[in-house]
Amino acid sequence: MKRWQCKICGHIYDPAEGDPDTGIPPGTPFENLPADWACPDCGATKQDFEPIP
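Residues numbered from 1 in each chain as written. Predicted model: local features only at pLDDT ≥ 70, side-chain atom pairs only at ≥ 80, totals over all residues. Heavy atoms only, no water.

(A) Representation of the side chain of aspartate 14 within the structure. One can find aspartate 14 in the loop between strand S2 (12-13) and strand S3 (49-52). The side chain of aspartate 14 sits in the buried core without any salt bridge; arginine 3 is the nearest counter-charge, 4.8 Å away. Within the structure, aspartate 14 has its side chain in polar contact with the backbone nitrogen of alanine 16 (distance 3.0 Å). (Helix = DSSP H or I, 4+ residues; strand = E, 2+ residues; numbered from the N terminus. Buried < 20%, exposed > 50% of the residue type's maximum accessible area, 1.4 Å probe, protein only. Lys, Arg positive; Asp, Glu negative; His and termini not counted. Salt bridge = Lys/Arg side-chain N within 4 Å of Asp/Glu carboxyl O. Polar contact = N/O pair within 3.5 Å; in protein donor to acceptor, adjacent residues only side chain to side chain.)

(B) Molecular detail of the pairing of strand S1 (residues 3-6). In S1, alternate side chains face the same way, and those of Trp4 and Cys6 are buried while those of Arg3 and Gln5 on the opposite face are not. Pairing of S1 with S3, which is carried by four bridges, proceeds in the antiparallel orientation. Bridging from a neighbouring strand, arginine 3 pairs with isoleucine 52 of S3. For S1 and S2, the ladder comprises two bridges, and the chain directions are antiparallel. Across the sheet, the residue bridging to tryptophan 4 is tyrosine 13, located in S2. Adjacent in sequence and paired antiparallel, S1 and S2 are bridged by five residues, among which glycine 10 carries a positive phi angle near 90°. (Pairing = 2+ DSSP bridges.)

(C) Up close: the packing of aromatic side chains. The tally for this structure, following the rule as stated, stands at six aromatic pairs. For the ring pair phenylalanine 30 and tryptophan 37, a centre distance of 6.1 Å and an interplane angle of 85° mean the geometry is edge-to-face. No difference in accessibility class separates phenylalanine 30 from tryptophan 37, as the two residues are buried. Centroid distance tryptophan 37 to phenylalanine 49: 5.3 Å. Interplanar angle 55°. Geometry classified as tilted. Here tryptophan 37, found in the loop between S2 and S3, pairs with phenylalanine 49, found in strand S3; they are 12 residues apart in sequence, far enough to count as distant. A single burial state applies to tryptophan 37 and to phenylalanine 49, both of which are buried. (Phe/Tyr/Trp six-rings, centres within 6.5 Å; stacked < 30°, edge-to-face > 60°.)

(D) Broad picture of the sheet that holds S3. The antiparallel open sheet is built from three strands, whose spatial order is S2-S1-S3. In this open sheet, the two strands that pair with only one neighbour each are S2 and S3.

Structure representation (structure tokens):
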């Protein structure tokens, strides 16, 4: 699974880790995050993330 990086603050969403603070379990692909999910560090929207190698 690809990791995604916030273009605003650099936060990396790693699907292997999920986002436990917002109830996103490990193994959740970025594409399956809720539409209203936001960057836990700066509040950016999903559209502000880009895939990284």
